[in-house]
Number of protein chains: 2
Amino acid sequence: MVSDMECIFCKIVKSEIQSFKIYEDEKIIGVLDIMPAAKGQVLIIPKEHYENFYEVPDDVILKMFSLAKVIGKILIESFGAKGFHVVVNNGQIAGQTQPHICVFVVPRYGNEQVVVGWQKNQANPNELEEIKEKFIKEMSLGKVKQEKKKETEKKETEELLKIIYMADVVKRRQK
Amino acid sequence: MVSDMECIFCKIVKSEIQSFKIYEDEKIIGVLDIMPAAKGQVLIIPKEHYENFYEVPDDVILKMFSLAKVIGKILIESFGAKGFHVVVNNGQIAGQTQPHICVFVVPRYGNEQVVVGWQKNQANPNELEEIKEKFIKEMSLGKVKQEKKKETEKKETEELLKIIYMADVVKRRQK
């Protein structure tokens, strides 16, 4: 795996590699794709090095897709695009080329070579029911895990507050 | 244009059309795609009828992509997917088939017929510089517009507060 030090996107974030930066805040950057399908293709990159989409914290997720909205609107209203895709490719099999997740905003004018599509297969209702149950089960397990994590964090905070309080009491006594 | 009343996604949201719902909250639903490329393909749909991605408010955006993260993780950890795409198609030219925007989570196992890609063209640096400037200009214009809107809203709120206050004064005098 490529480390943060060797990661091209990390280097772009740190301005060690030149880029055409159109947006920057404390969490993300937006840069022009220098190998675009069409004019105005943008890459939105989190400043932290996350390999997978699901590792990106929610505050960064919000910033990335809020920027994608702005880019999409500008592409249509000012660049004359007739549409656009917002795409995340997670995993080599899905075409992820860098070990640092990013969001692509791909404008569509009509003459570019872009394919975003799949063969649609009629699914079996019984199988869909099973898949549904599996998702629901996994999501509730995830929720339980998160709540346990929160509980642990709460306990740790309480312990820490107790320690700080006790340290303060000791200090006062020493005065 | 299709109205909200005729919109298939609105009907799914209102449970007027049967679906395999795996998630629901006050703003969004997650349903299994009944015509998937592969097992576990999910559609994330805002409950409100928005035709374009950039019309979706930020709180709904956060909910949609936060759910996409959860789905992606479950696809990999529990369904055995090796990767996934998160896709928004905005505009007929981009393959949007319903006038109600949605987010697709498309799993990749290896044997499905999915193409998410584009022909990469080396861009001209001078042109990139121009495009960059245009984006920055448009974004700052958008910001000015937003600030003006906020200012107007603030003034309206102040006016409203004055009216409420005056009405209250009048009422007290009448007592």
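Residues numbered from 1 in each chain as written. Chains lettered and ligands numbered in written order. Predicted model: local features only at pLDDT ≥ 70, side-chain atom pairs only at ≥ 80, totals over all residues. Heavy atoms only, no water.

Caption draft 1: Examining the relation of the copies chain A and chain B more closely. The two copies are related by a screw motion: chain A maps onto chain B through a turn of 180° and a shift of 0.0 Å along the axis, at an RMSD of 0.2 Å. In short, the pair behaves as if placed about a two-fold rotation axis. Taken together, the interface assignments show that 100% of the residues at the interface of chain A recur at the interface of chain B, consistent with an identical surface on both copies. (Least-squares fit on C-alpha atoms with pLDDT ≥ 70 in both. Contact = heavy atoms within 4.5 Å.)

Caption draft 2: Region of interest: the interface of chain A and chain B. Listed by partner, the interface residues are 74 residues for chain A and 74 residues for chain B. Summed over both sides, the interface of chain A with chain B buries roughly 6700 Å², with 70% coming from carbon and sulfur. Area buried by chain A at its contact with chain B is led by Y54, W118 and F135 of chain A, which between them contribute 12% of it. Between the two partners, chain A and chain B, sit two salt bridges. Salt-bridge contacts for D58 of chain A lead to K69 of chain B; the nearest nitrogen and oxygen are separated by 2.8 Å. Here chain A is connected to chain B by 26 residue pairs in polar contact (both at pLDDT 80 or more). When its residues are assigned to classes, the side of chain A that touches chain B shows 44 nonpolar, 16 polar and 14 charged. Bridging between strand β6 (residues 114-118) of chain A and strand β6 (residues 114-118) of chain B involves five bridges; their strand directions are antiparallel. Paired with V116 of chain A across the strands is V116 of chain B, a residue of β6 of chain B. (Buried area = accessible area lost by both parts, 1.4 Å probe. Salt bridge = Lys/Arg side-chain N within 4 Å of Asp/Glu carboxyl O. Polar contact = N/O pair within 3.5 Å; in protein donor to acceptor, adjacent residues only side chain to side chain. Nonpolar A, V, L, I, M, F, W, Y, C, P; charged D, E, K, R; others polar. Pairing = 2+ DSSP bridges. Helix = DSSP H or I, 4+ residues; strand = E, 2+ residues; numbered from the N terminus.)

Caption draft 3: Highlighting the domain arrangement of chain A. By domain assignment, chain A separates into domain 1 (8-108) and domain 2 (125-175). Centre-to-centre, using C-alpha coordinates, domain 1 of chain A lies 32 Å away from domain 2 of chain A. (Domains from an automatic or database assignment.)

Caption draft 4: Region of interest: the packing of aromatic side chains. Under the defined criterion, the tally for this structure stands at eleven aromatic pairs over all chains. Seen from their ring centres, F65 of chain A and F65 of chain B are 3.5 Å apart, and the 5° between their planes marks the pair as stacked. Of this pair, F65 of chain A sits in helix α2 (residues 58-77) while F65 of chain B is found in helix α2 (residues 58-77), placing the two residues in two different chains. Residue F65 of chain A is classed as buried on the basis of its relative accessible area, which comes to 0%. On the numbers, 6.5 Å between centres and 65° between planes, the contact of F84 of chain A with F53 of chain B is edge-to-face. In this pair, F84 of chain A sits in strand β4 (residues 83-90) while F53 of chain B sits in the loop between β3 (42-46) and α2, so the two residues belong to two different chains. Seen from the ring of F79 of chain B, K134 of chain A lies directly overhead, with NZ or CZ sitting 4.7 Å from the centre. (Phe/Tyr/Trp six-rings, centres within 6.5 Å; stacked < 30°, edge-to-face > 60°. Buried < 20%, exposed > 50% of the residue type's maximum accessible area, 1.4 Å probe, protein only. Lys NZ or Arg CZ within 6 Å of the ring centre and 35° of its normal.)

Caption draft 5: Just the side chain of K69 of chain B, in detail. Mapped onto the elements, K69 of chain B comes out in helix α2. According to the relative accessible area criterion, K69 of chain B is buried, its value standing at 12%. There is a polar contact of 2.7 Å between the side chain of K69 of chain B and the backbone oxygen of V56 of chain A.

Caption draft 6: Examining the packing of helix α3 (residues 125-174) of chain A against α2 of chain B more closely. Taken N-terminus to C-terminus, the directions of α3 of chain A and α2 of chain B make an angle of 110°; their axes are 11 Å apart at the nearest point. Taken together, the axes of α3 of chain A and α2 of chain B lie roughly perpendicular to each other. Only L67, V70, I71, I74 and L75 of chain B of α2 of chain B make contact with α3 of chain A, whose side of the interface consists of F135, E138 and M139 of chain A. Grouping the constituent residues of the contact of α3 of chain A with α2 of chain B by class yields seven nonpolar, no polar and one charged. (Axes fitted to C-alpha atoms, helices over the stretch in contact; angles between N-to-C directions. Parallel < 35°, antiparallel > 145°, perpendicular 65-115°, else oblique.)

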